Amino acid sequence: YLTYAGTDGHIYYHESEGISGADIDGYRIEPVLDLGDSERKDRVFEIWFDLAEVGGFSIDIWLRSGETLGEIMSANWTAQTSLSCDSPSAPFIKCDRNARLHQIKWGTNLVNEKFSVNGITFKYHPQGVY
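A brief look at the structure comes next. A quick note: this is a predicted structure, and the numbers were derived from the prediction, not measured.

Here we come to the environment of Thr78. Along the chain, Thr78 turns up in strand E6 (residues 78-79). Distance from Thr78 to Ile61, taken between C-alpha atoms, is 8.5 Å for residues 17 residues apart in sequence. The contact partners of Thr78, leaving out residues within four places of it in the chain, are Ile61, Trp62, Leu63 and Arg97.

Here we take up the nonpolar core. Membership of the largest hydrophobic core comes to 17 residues, with the highest contact counts inside it found for Ile47, Phe49 and Ile59. It is strand E4 (residues 40-51) that contributes the most residues to this core, four residues altogether. If we ignore the near neighbours within four places in the chain, the residues touching Ile47 are Pro91, Phe92, Ile93, Cys95, Ile104, Ile120, Thr121 and Phe122.

Okay, the packing of aromatic side chains next. Evaluation of the coordinates by the stated rule reveals two aromatic pairs. Between Phe49 and Trp106 the ring centres are 6.0 Å apart and the planes differ by 75 degrees, which places this aromatic pair in the edge-to-face class. Placement of the pair is Phe49 in strand E4 and Trp106 in strand E9 (residues 101-108), with a sequence separation of 57 residues. Exposure class is identical for Phe49 and Trp106. Each is buried. A cation over an aromatic ring shows up here: Lys105 above the ring of Tyr27, its NZ or CZ 4.3 Å from the ring centre. Across from the ring centre of Trp62, 5.0 Å away, lies the NZ or CZ of Lys105, which sits over that ring.

Quick look at unusual backbone geometry now. Positive phi, close to 55 degrees, is recorded for Leu35, a residue that is not glycine. Mapping Leu35 onto the fold places it in the loop between strand E3 (26-29) and E4. The residue Ser87 is not glycine, and still its phi comes out positive at about 55 degrees. You can see Ser87 is positioned in the loop between strand E7 (83-84) and strand E8 (92-99). On the accessibility criterion, Ser87 (54% relative accessible area) is exposed.

So, how was this worked out
- Residues numbered from 1 in each chain as written.
- Predicted model: local features only at pLDDT ≥ 70, side-chain atom pairs only at ≥ 80, totals over all residues.
- Heavy atoms only, no water.
- Helix = DSSP H or I, 4+ residues; strand = E, 2+ residues; numbered from the N terminus.
- Contact = heavy atoms within 4.5 Å.
- Core = buried A, V, L, I, M, F, W, Y, C linked by side-chain atoms within 4.5 Å.
- Buried < 20%, exposed > 50% of the residue type's maximum accessible area, 1.4 Å probe, protein only.
- Phe/Tyr/Trp six-rings, centres within 6.5 Å; stacked < 30°, edge-to-face > 60°.
- Lys NZ or Arg CZ within 6 Å of the ring centre and 35° of its normal.

Next up, the structure:
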């Protein structure tokens, strides 16, 4: 179910197939990742999405990276190329970020975009000890 918070302090959800009305900006922020070694920088070069739904819509992706948790939390999101979900043969985006910590935000911003993601895989190269 789509669940969202209203400005009135209540939580709302939809259980039908479609949502009537205006576009809804829905996104998910993934946890901060150190990609296996908190003392090492890693160069992220691809992010793959395991899509459970395909169709005429896209997933928008943002990325931020940093050397400390405080640095990454205060960093601005950088928009990446959107991922077309219209039957992609290779559902991934290319990026080039070298840091100790990485975080992504992804989602859609139009009405009735029926996206579903089962998993996200980061492809990266270790760059050495920080």
